[in-house]
Each structure stands twice: as structure tokens, then as C-alpha cells.
Amino acid sequence: MSRVVVALGGNALIRRGQPGSTDVQRRNLLGAARALVELERLGHELVLTHGNGPQVGFLSIEADAARESVPVPPLDVLVAESEGQIGYLLAQAIAAQLAIEGRARPIAVVLSQTIVDPDDPAFASPSKPVGPVYEAGRATELAAEHGWTIAPDGAGWRRVVASPRPLEIVEAPAITILADAGVLVIASGGGGIPVARRPGGALVGLEAVVDKDLAAVVLAEAVNADALLLLTDVSAAHLGWGAAEPLPIRRLTLAGATAGVEDGTFAAGSMGPKVTAAADFVRRTGGFAAIGALEDAVAVLDGRVGTRIVDRGRNAHEDATIGTGRAAAASGSMEGAHELTSIG
């Protein structure tokens, strides 16, 4: 038996191009639950976490639309609301799948707070868009009224907030106790509620969002997980993503992961955080980490599909930096791509 932390991408609830209604999310989560219960059926202890980007956006839009009638909650409260909302839907879907199989087990959703450093450099340069798109004049008014930082987004403007690095999951000891007792735990949704610890020990919420993949590493390390799965809507990390024929990467060394994030092979807004998180987990724990499609969860954990992050390559060529492979893929030539890692 192994303990596995599974980080679900936003596609588990809302797939590309779909409306974000609760009914749509419920239907999608039934598919996610089948994949997760398959892992559980094989004897793995699961601790689940998930994204919340669309849901926080919806809550921000609702709050903005009602600002003349009710006070607008701060961002940390909106993150908490989304964590409860998604945890509830996911727990129900898993319980329903277990019931289909004639089984039941305890499931707990833990509202989780994530400690960040209030002096993190991210606070000096907010970059994560949240909430609705405004026309320029209205965005400027709201920025002046609430002290927001705003940035252009297409034809309009949006609020942008900091995304500081997660340091600690406050509820990790409780999550570990639950997992040790055989409870399937859902925690640290959306990266957790960003909080700072004051000198006296009290916690205070911050207007920020935490990357859920980076928070998953902190969670996995805290609960002594053997493996970290980062499951999304693509089969693997790829070379030449966006090109006519992107190539899936089967094994990616720590050196290749670092170089690929730095040179843009793995984009900052999509695959980059997943590669960084998987590499961090391997580097910090020596455990198993992989990226792959949600529906392939068992095969990803078995190492049969997806991208596995490894400490080093089988030979010197696999330890070469990723830049050569990226350039080759972009040009349509794969000479040099095999120097990065194993490509399937």
C-alpha cells in the first residue's frame, strides 16, 4: 500500500469550452471519481487536492455584481468558499462511485490554510488575474477605491494579485491523522487559503492566490506521501507544445525539468508549475512524481503513461539540458530531442 497525493487540474470540474454550471461540474466529477476510486480500489491511500481558478472567478463576478447590495468579501474568503464548494462536490461524486460498487468509506473535506511569507517577492509584482474583466475607466476606479493592482487583459482590464510560494499547510497534522485512520481526505483546494502568521502566532488572511501544484508538494511532504500525481487534461508534458506534432516526454530528469521551466519549454501559465512541483517533490523526498491525464491515473502511477520525473537520466545524454530538444521540436527536427530524456 502506498500513500498518494493526487492534484486534480481544473478540467476535473470544467473542461475547455464548457459552461461552468454546477450541473456540468457534477457530471464531470463523476468521471474524475471513477479514475480516483480505481486507484483507491488497488489499495492506495489517497489525499486529494484540486484547482479552483474558474470557481474563484465566478465568486468574484457574483460579489462584484452585488457590491451595491452586500459587502464584497476579501479574496481569502472567496478562496475558502471555493474550497468548500468544490470539496463538497468532489466528496459526493466519490461517495456515489463507491456506492455503485457496493462500497463505502469515510471521506473528509478539510478547509486548509497555507502559510506564505508576506514579504515574498510576488507581492511586489502581482501577476495572477482574478475576477471579471472591466473597461479601463471602471477598472481604474475600482483600483483606486480598493487599492488593487490592475493589468490589461485582451480588450479590457482585470485585477491581478500575488501568487506567493507556499511554505506550510496549517492543517497538515490533522490531515495526516485522518489519512492514518483510513479516511480519504480532500484538502488544500486551490492551493489553500493564503495566510500569514503574525509574531504572536495568530493567522491573518492575505489578498493572494497560491498555486495548487506547488501547494500539493508541501501537502505531500507533510503527510509523508510516497507519490505525487499531477493529473490534467493532457497525456503528458510535451516537447514542441503548440507545434503540429508535439512529442510526449516519458522521463524527465531534474536537470531537464529545471532547464525547461527556465527556457519556456514548459509555459509558466500551464505546464510549468506542474513540472516544477513534480521536480520539487522528487528532489525533496526521493518519491515518485508524474504528470498525466486524469482518466489514465492508474497507468500514470504505474509509470506506463504520462511523464515521470526522475533524479537523473540513465546516461549522460539524458542529463543534458532541455533547450536542445525544445529548439529541435520547434523546428520540426528531432535531432537532439533524445538528449533531453526518453520520448514516446
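Residues numbered from 1 in each chain as written. Predicted model: local features only at pLDDT ≥ 70, side-chain atom pairs only at ≥ 80, totals over all residues. Heavy atoms only, no water.

## A look at empty space enclosed by the protein
The full count for this structure, using the stated rule, is one cavity of 30 Å³ or more. Considered as a void within the structure, the largest cavity measures approximately 40 Å³ in volume. Lining the largest cavity are E45, L46, R105, A179, G182, V183 and L184. Residue classes in the lining of the largest cavity are distributed as four nonpolar, one polar and two charged. (1 Å grid on protein atoms, 1.4 Å probe; cavity = no way out; pocket = protein on both sides within 12 Å on 5 of 7 lines; lining within 4 Å. Points joined across faces, edges and corners; volume = space filled by probe spheres on them. Nonpolar A, V, L, I, M, F, W, Y, C, P; charged D, E, K, R; others polar.)

## With respect to the layout of surface pockets
Sizing a probe to match a water molecule and rolling it over the atoms shows the empty space that remains. Empty space within the second largest pocket amounts to approximately 240 Å³. In terms of lining residues, the second largest pocket is bounded by 17 residues, among which R67, V72, P73, W148 and R159 are the most central. For the lining of the second largest pocket, the secondary-structure elements that each account for two or more residues are α2 (53–65), α3 (75–100) and β5 (128–134). No other element matches β5, which puts four residues into the lining of the second largest pocket. (Helix = DSSP H or I, 4+ residues; strand = E, 2+ residues; numbered from the N terminus.)

## Details of the pattern of salt bridges
A full pass over the atoms with the stated rule returns 17 salt bridges. Notably, a salt bridge pairs E168 with R197, separated by 3.3 Å at the nearest N-O pair. Taken together, the positions of E168 in strand β8 (residues 168–169) and R197 in strand β10 (residues 193–197) put the pair 29 residues apart, joining distant regions of the chain. The partly exposed category is assigned to E168, whose relative accessible area is 32%. Exposure remark for R197: the relative accessible area of 41% places this residue in the partly exposed category. Linked by salt bridges that have partners in common, E40, R41, E101, R103 and R105 make up one network. (Salt bridge = Lys/Arg side-chain N within 4 Å of Asp/Glu carboxyl O. Buried < 20%, exposed > 50% of the residue type's maximum accessible area, 1.4 Å probe, protein only.)

## Topic: the nonpolar core
Counting 40 residues, the largest nonpolar core has V5 and I175 as its most contacted members. Excluding anything up to four places from it in sequence, I175 contacts V47, V110, S112, I169, V185, A187, L219 and V223. By size, the runner-up hydrophobic cluster in this structure holds 34 residues, among which are A35, L48, A93 and L184. (Core = buried A, V, L, I, M, F, W, Y, C linked by side-chain atoms within 4.5 Å. Contact = heavy atoms within 4.5 Å.)

## With respect to the pairing of strand β3 (residues 107–110)
Here β3 shows a clear split, with A108 and V110 buried on one side and none of I107 and V109 buried on the other. Both β3 and strand β9 (residues 184–187) contribute to a ladder of four bridges, which runs parallel. Each residue of the ladder has a partner; that of V109, found in β9, is I186. (Pairing = 2+ DSSP bridges.)

## Section: the packing of aromatic side chains
Here the structure, examined in full by the defined rule, presents one aromatic pair. With 6.3 Å between their ring centres and 40° between their planes, Y134 and W148 make a pair best called tilted. Of the two residues, Y134 sits in strand β5 while W148 sits in the loop between α4 (136–146) and β6 (149–153), which places them 14 residues apart along the sequence. Just as Y134 is buried, W148 falls in that class too. (Phe/Tyr/Trp six-rings, centres within 6.5 Å; stacked < 30°, edge-to-face > 60°.)

## Re α2
Its 13 residues place the ends of α2 19 Å apart at the C-alpha level, agreeing with the 18 Å of an ideal helix rising 1.5 Å per residue. Of all the positions in α2, only Q55, V56, G57, L59, S60, A63 and D64 are classed as buried. Buried residues along α2 sit in contact with α1 (22–41), α3, β5 and α4. (Expected span 1.5 Å × (residues − 1).)

## With respect to the sheet that holds strand β7 (residues 156–161)
Working definition: the strands of a sheet are paired by backbone hydrogen bonds and lie parallel or antiparallel to each other. Ordered in space as β5-β7-β6, the three strands form an open sheet in which the pairing is antiparallel. The sheet is open, and its two edges are formed by β5 and β6, each paired on a single side. Averaged over neighbouring strand pairs, the angle between their axes works out to 40° when direction is ignored. When β6 meets β7, the two strands line up antiparallel, connected through five bridges. Note on β7: the bridge partner recorded for A151 is R158. (Axes fitted to C-alpha atoms, helices over the stretch in contact; angles between N-to-C directions.)

## Some remarks on the pairing of β7
For β7, the tally of buried residues reaches five of six residues, placing the bulk of the element in the interior. Taken together, the four bridges between β5 and β7 define a ladder with antiparallel strand orientation. Of the residues in β7, the one forming a bridge with V130 is R159. Taken together, β6 and the strand that follows it, β7, pair antiparallel across an intervening segment of two residues, in which G154 is found at a positive phi of about 65°.

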